[in-house]
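One letter stands for each residue in the lines below.
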Amino acid sequence: MQQPQDPPTTERPAPSEDGAARVGPQRGPSRDVGPAGGEATAVGRLAGTVERLRLELERAQAHSAGRAVVEMGVGVLVERLRCGPTEAAGQLESLAEQAGVSTLALAADLVNQAAADQISALARAFVEEAAVPSEQPGQAARPRQPEHPAEPVAVRLRSTEADALAGGDPAAAARAMLDHALRPLGVAAVAVWAAHPDLSLSLAGSAGFQEEEARRWRHVPPGVPTPARRALDERAAVGYPTLAEASLPSVGQHEVRGGRLAVPAGKGGRLIGVLELCWHERLPEQSQPLQRQFEALAEVAAATLEAGGGREPHPPEAADTRFEELRRLTDGLLDPCMVLRVAPDGDDLPPLFVIRHVNPAFVDFAGRPTGAIVGARLLEAYPLAAEEGGLAEKVEHVFATGEPFRTPALRLAALVDGVPLVTRAQVSISRHGDHLAVVWRLDDGTPRVARLLQHAQRLGRIGGFEEDLRTRRIAWNDTLFELHGLPSGAPPIALDQLPDHAHPDDRHALGRFLRTLLHHHRPASTAFRLQRPDGVTRHIRVVAEPVHEPGSGLRTVRGAYQDISAQHWTEVALAATRDQLAQSEQQAAERSRLALQLQHAIMPPARGPLDLPDLRVGVRYRPAEKGHLVGGDWYDALPLPSGDVLLCVGDVAGHGIEAATGMVALRNALRGLAATGAGPAQLLGWLNSVTHHLTDNVTATAVCGLYRPGSRRLRWARAGHPPPVLLRGARATTLPQLGGILLGAVDQAEYEEGELVLAPGDELVMYTDGLIERRDESVQASLAGLMALAEQACGTAAAGADGLEEHLDHLLRYSNADTDDDTCLVGIAVR
C-alpha cells in the first residue's frame, strides 16, 4: 500500500530548478562533499537522471486528473460545435480566457452541464446559493461565501472522479479522493470498505494510514460493530464526534483519533460498500452542502467497487510473524536501522529491494523525513548506492549468500540539490528470511565540521540567523553583526524591519521577499543594498525558509545573509562591457526607462493623501516585478468646475512605451471630457470612441465615478473593469457588476450607470487587476479574498489619514496576486 502523504505543514524536500530534491535542515552526522568534479561519474549522472525522472513522474501524476477533465470538456464541445478535437481544444481555451476562469474550471462546468449525475446537481446547488440580497439599502449585493466555493467544489469532484476511474481500483480511488477532494476539508484519512453477503467487510482501499495498520484491517469478520457496519445496518450516513466516544473499533483508531463519518456506497439501490472518513479533530458540523459532497464521493467509491474492487476477500493470510519479530527487534536498537525486502512485483536479477521499515532511531543522513524513505526502493532513495563497492552491492551479496556483512567504514552517498552528499559509517547487514536488516552508525565528526563551517562562513562572508515569530527571539552568529556594522551586543534586526535599513529603491524587492516568506510560507531570497549605521552601503543577499511544526503551523524562520558586494561590482563591470556589445538591448532598455519615467511623472508610486471636498484620497502604484514590463495602469482624482469630483482608475492592455503613451492619452482625454458635466456612463461612451478612433489598436478597462459633495452621492460606471470595494463599518462588499464592454473594442458602446449614497466613515477602494489576479483562482474567488483582506485591514488600521494610508499599504503587502502585472490602488475616505 502507498504510504500516506505528509500534511502541508510538514517540512518536505522541495524540487529545485534542476529537478533535485531540496532538503531542509540537516540533522545528525558530519558530511563530507568530495572535490569539485570528483563525483561526476557515470553513476552520479545516472542518479541525477533517475531523480529528475521521478519528480517529473510525480508532477505528471498530480496533473493527470485535471487533464482527464479537460479532455472530457473538449469532448462535450466536439459534440456541440460539430468540430474536430483540435478546434474544440482551442475554443475551450479561448472561452476560458474570455470568461476569466481557468481551462480546468470551464471544462468541469461543461461536463456538469452535459451530465445528469450527483456531482453536476451539487455544482448547480452551490451556484444557486452563491449570492443573497443586500441587507442594507443602497448597498451592493454581497456574495454569500459558502464553506467551499462552487467552482472549486465542482473541479475537485470531477478531478477525483477522473483520477479514481483512471486508477481502476478502490485503492487508487481512496488516494484520489483524499488528494483532490477531502484534504481541503480537513480529512486526514479515508477508507473504502467492500460489503459481502456473509456480513463481513474487507478494506478494499485506503489512504492516510500506515501500511501495517491497513494490512491488519484488511478483513473484518461478521458481527464486529464498526462505524462502517453501523452505516450499512442503518442504510444512512452515521457520524461520531470522536472514535473514542463512539466506543467502536476501526482502522487507524490509534493514529487518527478524531471524528468519523461512514457513508453507505451503493449502485442502483444496492449497497455494496461504505466510504469512511477520518479527522484528527472532532467531527465538523455536517452542513447540507458537505453531506452532498460526501454522498457524491461515496458514489465514486461504489463505481470502483462494482468494477471489481469489491470481490469476495481471500481467506486472511497467516500473519508475517518473521517480519513482526524482526520489526520489534530493530525497534529496540539504538542505532539507525532499515529493513529491506525484495520488491514483490519484480523478477529482476539482480533483485530490487524496497525499504519496508525503519526503526525509531533512524535518521536519514541527507535530512529527509522517514515518510519519504519508507516504501521507496533502495536505489530510488539512495541512487548513488549503485556505485561499485557501494551499499547496493553489499546488500545483494548478503541476500544471495546469507553471510553477514560488517565494515567499520562504508561510503554512503545521496543526492541533495543535484550535488552528491557523502558520509562514512559503520555498517552491518544481516539476512532474516526474506528480509535484510541494514544497521549503520554514522561517523561523528561534529567538532571538525563546526570548525570547517566557521572558516567557510568567514571566507564566504556568510552569516546565519534564526527568528522565532512567536517569542520574537532572534539568534545571529558573530559574522552577521560584522556584516550589519553592529557591535556584538546590539539587538539583532528582525526580518520585518529590513526595509527600514535598506536603500529606498530596494524596498519593493524586500516587500515581495517578506510576502513570499511570511504570508505565503514559501522559501524566498532577494538581494538588496544594506545601509549600515556607519554610513557604509553593502550589497547583501538574504535567503530564508519557513520552518513548519506539525499541528502548529509556521513557528520559526531561518536563513542566511551573504555579503555579495565584491560580486556585485564585478557584475557591474561585466554588464558595462556587455552593454557596449549589445546596442539593441540598450535601446530596448532606454524605451522601458522612458516609459517608466513617463508613468512616474503622471503617477508617482506613492503620494500623500489628497484633501478634496468631503473626501480624503490616498493612492498607491506598484510597478511590475520585471522592470521591462512597464504597464498602462492609471488613476485620477480631480475637482471639476461643476463642483463634482472625478474619481477614476484604468488599465491599458499591454506593456512598454505604447501602453504608457496610451495611458497618458486616455487619462487626459477623460479629464477634458469630464469638464462637459456629462455623467459617468456618457463619459465612458465618449472615451470608448476616442480609444477606438484616435489610438492605434489600444484597448483598456476603466471605472469612472462622479462624487457630489454635500449630498455624498456617487454616480459610477465601468468598462470591463473589476468593481470597486465598499467598506462600511467592518464589512466589505463589492459594488454591482454594471454592464459595460472594455474601451476600444467596438465603435459605439453603451454603459450602465449606478448610483450610491455614501456615509461619513465609508471607504471606497478602486484598483486594477494586478491587485487580485491569480493564475490558479477565478475572479470571483480573488474578489472574495480581497474583501476578506480589506476587512482585516479595516480592523487594524488607525483612524483618519494615517488609517487610510495604513489600509492601502496593508492591501498591497498582503495581496495574494501572483502575476507580474503592475498595480494601481486608490482609497477614498468619506469625511
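Before any of the text, the structure's been laid out above.
All figures in this text were calculated on a predicted structure; none of them were measured in a lab.

A. Spatial organisation of the overall build of the protein chain. The secondary structure content of the protein chain amounts to 22 helices and 31 strands. Buried positions account for 46% of the 831 residues belonging to the protein chain. Within the protein chain, contacts between residues at least 6 apart in sequence are counted, and of these 62% link residues at least 24 apart. Carbon and sulfur atoms form 53% of the exposed surface of the protein chain, whose accessible area is close to 39,700 Å².

B. Representation of empty space enclosed by the protein. If you walk through the whole model with that rule in mind, you get 4 cavities of 30 Å³ or more. Considering only enclosed or pocket space, the second largest cavity measures out at about 60 Å³ in volume. Along its surface, the second largest cavity is lined by F365, Y382, L384, A385, E387, G390, L391, R411, L412, A413 and W440. Ranked by residue count, the leading element in the lining of the second largest cavity is strand β13 (residues 405-416), at 3 residues. Of the residues in the lining of the second largest cavity, the class split is 8 nonpolar, 1 polar and 2 charged.

C. The arrangement of the sheet that holds strand β9 (residues 260-267) in detail. Sheet architecture is open: 6 strands sit in the order β7-β6-β5-β10-β9-β8, paired in antiparallel fashion. Every interior strand has two partners, whereas the edge strands, β7 (219-220) and β8 (238-240), have only one. Where strand β5 (residues 187-195) meets strand β6 (residues 201-207), 6 bridges bridge the pair, whose relative direction is antiparallel. Within β6, the position partnered with W193 by the bridge is L203. Contacting β5, β6 and β10 (270-279), helix α6 (residues 170-182) crosses the sheet at an angle of about 45° to β6.

D. Structural detail: the packing of aromatic side chains. One pass over the structure, following the stated rule, counts 7 aromatic pairs. Consider the rings of Y382 and W440, whose centres lie 6.1 Å apart with planes at 90°: the pair is edge-to-face. Taken as a pair, Y382 in the loop between α12 (378-381) and α13 (391-401) and W440 in strand β15 (residues 435-442) lie far apart in primary sequence, 58 residues in all. In this structure, Y382 and W440 share a single accessibility class: buried. Following the ring pairs from residue to residue traces out a cluster consisting of F465, W476, F481 and Y561. When the ring centre of F323 is taken as origin, the NZ or CZ atom of R356, which lies over that ring, is 3.7 Å away. Looking at R431, its charged tip hangs above the ring of F399, at a distance of 4.8 Å from the centre.

E. Broad picture of the sheet that holds strand β26 (residues 713-719). Spatially, 5 strands are ordered β23-β24-β25-β26-β29 in an open sheet, and the strand pairing comes out antiparallel. For this open sheet the edge positions go to β23 (631-639) and β29 (753-757), each flanked by a neighbour on one side alone. Going across the sheet, the axis of each strand differs from the next one's by a mean of 15°, ignoring polarity. The sheet contact formed by β26 and β29 spans 5 bridges and is antiparallel. Paired with R715 across the two strands is E755, which belongs to β29. On the sheet, helix α19 (residues 657-674) packs against β23, β24 (645-655) and β25 (700-708) and is oriented at approximately 20° with respect to β23.

F. Structural view of the pattern of salt bridges. Across all of its chains, the model carries 33 salt bridges by this definition. Among the ionic contacts, a cluster of salt bridges with common partners joins E212, R215, E324, R327, D331 and R356.

G. Inspection of a nonpolar patch on the surface at higher detail. A cluster of nonpolar side chains, I741, L742 and V746, forms an exposed patch at the surface whose accessible area comes to about 200 Å². Structurally, I741 is set in the loop between β28 (731-734) and β29.

H. Main features of the nonpolar core. Formed by 31 residues in total, the largest nonpolar core has its most connected members in M338, Y382, L391 and W440. If you list the elements that add at least two residues to this core, you get β11 (337-342), β12 (353-358), α12, α13, β13, β14 (419-432) and β15. With 5 residues, α13 is the largest single contributor of residues to this core. Residues contacting L391, with those up to four places away along its chain left out, are M338, L378, A385, L410, L412, V427, I429, V438 and W440.

I. Fine view of the pairing of β25. Counting buried positions along β25 yields 8 of 9 residues, so the element is predominantly enclosed. Two elements, β24 and β25, share 8 bridges in a ladder whose sense is antiparallel. Bridging from a neighbouring strand, L647 pairs with G705 of β25. Pairing between β25 and β26: 7 bridges, direction antiparallel. Each residue of the ladder has a partner; that of A702, found in β26, is A719. Taking the residues that link successive antiparallel strands as the turn, the β25-β26 hairpin has 4 residues, and the phi of G710 there is positive, at about 90°.

J. Layout of the environment of L243. Here L243 is to be found in helix α9 (residues 243-246). Residues L243 and R282, spaced 39 residues apart in sequence, show a C-alpha to C-alpha distance of 9.1 Å. Setting aside its immediate chain neighbours within four residues, L243 contacts P227, L248, S250, Q253, R257, G258 and R260.

K. Region of interest: unusual backbone geometry. Phi at L199 takes a positive value of approximately 70°, unusual for a residue other than glycine. Take L199: its relative accessible area is 51%, and that puts it in the exposed class. For H521, which is not a glycine, the phi torsion comes out positive at approximately 60°. Note on placement: H521 falls in the loop between α16 (507-519) and β18 (524-531). When its relative accessible area of 33% is taken as the criterion, H521 is described as partly exposed.

L. Just helix α11 (residues 321-331), in detail. Turning to α11, its buried residues number three or more, namely F323, E324, L326 and T330. All buried residues of α11 fall inside an arc of 165° around its axis, so they share one side. Opposite the buried face of α11, at more than 90 degrees from it, the exposed residues are R328 and L329.

M. Up close: the side chain of D651. Here D651 lies in strand β24. For the buried D651, no salt bridge is present, and the opposite-charge side chain at shortest range is R622, 12 Å distant. Ignoring sequence-local partners within four residues, the contact set of D651 consists of G632, D633, W634, T699, A700, T701, H721, T768, D769 and D821.

N. The environment of R424, seen in detail. Within the secondary structure layout, R424 lies in strand β14. It is 5.8 Å that separates the C-alpha atoms of R424 and L412, two residues lying 12 residues apart in sequence.

O. Layout of the pairing of strand β22 (residues 615-622). Among the 8 residues of β22, 7 are classified as buried, and the element is accordingly described as predominantly covered. Sheet analysis places β22 next to strand β31 (residues 823-830), joined by 8 bridges and oriented antiparallel. Each bridged residue has a counterpart across the sheet, and for R616 the counterpart in β31 is A829.

P. Region of the structure containing helix α2 (residues 85-99). Compared with the 21 Å implied by 1.5 Å per residue over 15 residues, the 21 Å span of α2 between its first and last C-alpha is a close match. When we look at burial in α2, the residues that qualify are A88, L92 and A96. Buried residues along α2 cover an arc of 75° about the axis, so they all sit on one side. Relative to its buried face, α2 has exposed residues pointing more than 90 degrees away, namely T86, E93, E97 and Q98. In the segment just after α2, G100 is the residue with positive phi, at about 75°.

Q. Quick peek at the state of the cysteines. Per the counting criterion, the structure on display carries 0 disulfides. The closest cysteine sulfur to the non-disulfide-bonded C824 is located on C648, 9.2 Å from its own sulfur. We classify C824 as buried; its relative accessible area is 0%.

Criteria and thresholds
- Residues numbered from 1 in each chain as written.
- Predicted model: local features only at pLDDT ≥ 70, side-chain atom pairs only at ≥ 80, totals over all residues.
- Heavy atoms only, no water.
- Helix = DSSP H or I, 4+ residues; strand = E, 2+ residues; numbered from the N terminus.
- Buried < 20%, exposed > 50% of the residue type's maximum accessible area, 1.4 Å probe, protein only.
- Contact = heavy atoms within 4.5 Å.
- Areas by Shrake-Rupley, 256 points an atom, 1.4 Å probe, with all protein chains shown as cover.
- 1 Å grid on protein atoms, 1.4 Å probe; cavity = no way out; pocket = protein on both sides within 12 Å on 5 of 7 lines; lining within 4 Å.
- Points joined across faces, edges and corners; volume = space filled by probe spheres on them.
- Nonpolar A, V, L, I, M, F, W, Y, C, P; charged D, E, K, R; others polar.
- Pairing = 2+ DSSP bridges.
- Axes fitted to C-alpha atoms, helices over the stretch in contact; angles between N-to-C directions.
- Phe/Tyr/Trp six-rings, centres within 6.5 Å; stacked < 30°, edge-to-face > 60°.
- Lys NZ or Arg CZ within 6 Å of the ring centre and 35° of its normal.
- Salt bridge = Lys/Arg side-chain N within 4 Å of Asp/Glu carboxyl O.
- Patch = residues over 30% accessible without salt bridge, like charges linked within 9 Å, V, L, I, M, F, W, Y side chains within 5 Å.
- Core = buried A, V, L, I, M, F, W, Y, C linked by side-chain atoms within 4.5 Å.
- Arc of directions from axis to C-beta.
- Lys, Arg positive; Asp, Glu negative; His and termini not counted.
- Expected span 1.5 Å × (residues − 1).
- Disulfide = S-S within 2.5 Å.

Coordinates in, geometry out; function isn't part of it.
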